[in-house]
Amino acid sequence: MNLHLLVPSLFWPDASLPEIYRDLPLPALENLLTKCSRTDDEPEGMEPWLCRAFGVQKQLDWPVAPITLQGDGGERIKAGQDYWIRADPVHLRIERDQAVLADSRVFPIAPEEAHQLTSLLTRHFSANGLDMKFLPLQPDRWYVRLVETPPAHTHLLSDVIDHGINDHLPYGSNNTIWRGFFNEVQMLLHEHPLNQAREGRGEPSINATWFWGGGTMPESLVSDYSQVWSNDVLAGCLALVSGTGQAPLPPSAAIWRQSTPSGNHLVVLDSLHGKAQYHDPYGWRESLKQLDHNWFAPLWAMLKQGEIDQVTLTSLENKKVRNFTVRRSDLRKFWRRPKAIAMYAAG
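This report concerns the structure included in the present document.

Basis of the calculations
Residues numbered from 1 in each chain as written. Predicted model: local features only at pLDDT ≥ 70, side-chain atom pairs only at ≥ 80, totals over all residues. Heavy atoms only, no water. Axes fitted to C-alpha atoms, helices over the stretch in contact; angles between N-to-C directions. Helix = DSSP H or I, 4+ residues; strand = E, 2+ residues; numbered from the N terminus. Parallel < 35°, antiparallel > 145°, perpendicular 65-115°, else oblique. Left-handed = near helix turned anticlockwise from the far one by under 90°. Contact = heavy atoms within 4.5 Å. Nonpolar A, V, L, I, M, F, W, Y, C, P; charged D, E, K, R; others polar. Pairing = 2+ DSSP bridges. Buried < 20%, exposed > 50% of the residue type's maximum accessible area, 1.4 Å probe, protein only. Phe/Tyr/Trp six-rings, centres within 6.5 Å; stacked < 30°, edge-to-face > 60°. Lys NZ or Arg CZ within 6 Å of the ring centre and 35° of its normal. Salt bridge = Lys/Arg side-chain N within 4 Å of Asp/Glu carboxyl O.

**Examining the packing of helix α4 (residues 111–127) against helix α6 (residues 175–190)**
Relative placement of two packed helices is described by the angle separating their axes and the distance separating the axes. Orientation of α4 relative to α6, taken along the N-to-C sense of each, is 125°, at an axis distance of 11 Å. Taken together, the axis directions place α4 and α6 in an arrangement best described as oblique. Like other packed secondary-structure pairs, α4 and α6 cross with a definite hand, here right-handed. Each of L117, L120, L121, H124 and F125 in α4 lies in contact with α6, whose residues at this interface are F181, E184, V185, L188 and L189. Considering only residue class, the contact of α4 with α6 consists of eight nonpolar, one polar and one charged.

**Regarding the packing of helix α1 (residues 27–34) against helix α11 (residues 281–304)**
With their axes 7 Å apart at the nearest point, α1 and α11 run at an angle of 50° to one another. Regarding the angle of α1 to α11, the classification is oblique. Regarding α1 and α11, the two cross each other, and that crossing is left-handed. The residues of α11 that touch α1, namely those facing P27, A28, L29, N31 and L32, are L288, D292, F296, A297, W300 and L303. Per-class residue counts for the contact of α1 with α11 are nine nonpolar, one polar and one charged.

**Topic: the sheet that holds strand β8 (residues 227–229)**
Taken in spatial order, the seven strands make up an open sheet running β2-β12-β11-β1-β10-β8-β9, and their pairing is mixed. Each edge of the open sheet carries a strand with a single partner, namely β2 (37–41) and β9 (245–247). Strand-to-strand twist in this sheet, taken as the mean axis angle between neighbours without regard to direction, amounts to 20°.

**Details of the pairing of strand β4 (residues 98–102)**
In terms of burial, β4 is largely enclosed, as four of its five residues are buried. Inspection of the sheet shows strand β3 (residues 83–95) paired to β4 by five bridges, in the antiparallel sense. The partner of I94 across the bridge, within β4, is A99. The turn linking β3 back onto β4 is made up of two residues, and R96 within it adopts a positive phi angle of 55°.

**Topic: the packing of aromatic side chains**
A complete count under the given rule lists twelve aromatic pairs for this structure. Taking 6.5 Å as the distance between ring centres and 85° as the angle between the ring planes, the aromatic pair formed by F324 and Y344 counts as edge-to-face. Of this pair, F324 sits in strand β12 (residues 321–327) while Y344 sits in helix α12 (residues 341–346), and the two are 20 residues apart along the sequence. Judged on exposure class, the residue F324 and its partner Y344 are both buried. Cluster of aromatic residues (ring-pair linked, three or more members): F125, F134, W178, F181 and F211. Its guanidinium or amino end placed over the ring of F11, R322 lies 4.3 Å from that ring's centre, counting from NZ or CZ. When the ring centre of Y344 is taken as reference, the NZ or CZ atom of K339 above it lies at 4.9 Å.

**Some details on the pattern of salt bridges**
One pass over the full model with this rule turns up 17 salt bridges. Notably, a salt bridge pairs R198 with E113, separated by 3.0 Å at the nearest N-O pair. With R198 in helix α7 (residues 193–200) and E113 in helix α4, the pair connects residues that are 85 residues apart, well separated along the chain. Among the residues examined, E113 registers a relative accessible area of 11% and is labelled buried. Its salt-bridge partner being E203, residue R198 comes within 3.7 Å of it at the nearest N-O pair. You can call R198 buried: its relative accessible area is 0%. One salt-bridge network, in which partners are shared between bridges, spans E113, R198, R201 and E203.

These values are about where atoms sit, not about what they do.
Here it is, written out as structure tokens:
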């Protein structure tokens, strides 16, 4: 059995904060990394990495919208040959001279709220002669099917989280159209009574949508994995479309092993990613300690017992993608002594 662990933000992204690793006990992870061989790839985010893993090529954007629509649309709505784009609800706050974006992980949104806001947007654009129907297939995942409007290049939502939006707005030949849409949506949502009620309750307003992930459904998806274990929507939908087995992420490697047949497995451990994106060092440290206890320690034991042939751990970072691979035979390399996690972070 081979296991591939995808762990975005395994290392803290800010190299100017080396003290984040101080007194951080990670014995299992350090044991694993000590026995690993390492290769580096060009930096990329979680969505591009997952798309590449399933043979999806970039169009104007990485076509996240038509892929996740396959899961969110159910039997009612299919991507077909149409061009779809995500228009996810976000909150913008003013910091200094720019608007900084937060996604739905930091604010609640009820289905009825999503329905009210998308209905308003659809009516507005329809009244202006544009066939842009906003579909809240999930409260925090909205979709638009493009019929006549030419698409533009957009930036991944994950690239903009807790960043200023000025350098991340749509770009390319049709950027003026889409920047206009973005501004119109802001104006419509800003004064909506629903947002005034949210602010009265101390909740962030839903004062913008982020257009991203546009494209048409890829003709075919392929996978080297026999099973994908993840709570990430894109990973699950890629597995669904490619015919790969899929299941929610178990709470620990021990529970994962109880129901795991042989094969080549992808496990997405993304609990660190949001903490790093929102610059939460305490939450990141605590999540990493939990991963060490719940995943890395049992996997280290399984390797030693011969239950797993190979583990590859891929860390997605701002400056590079690092792949650490350990095989059962590598455990015999007794001369490799564990090093503190800070040593790997520095490299």
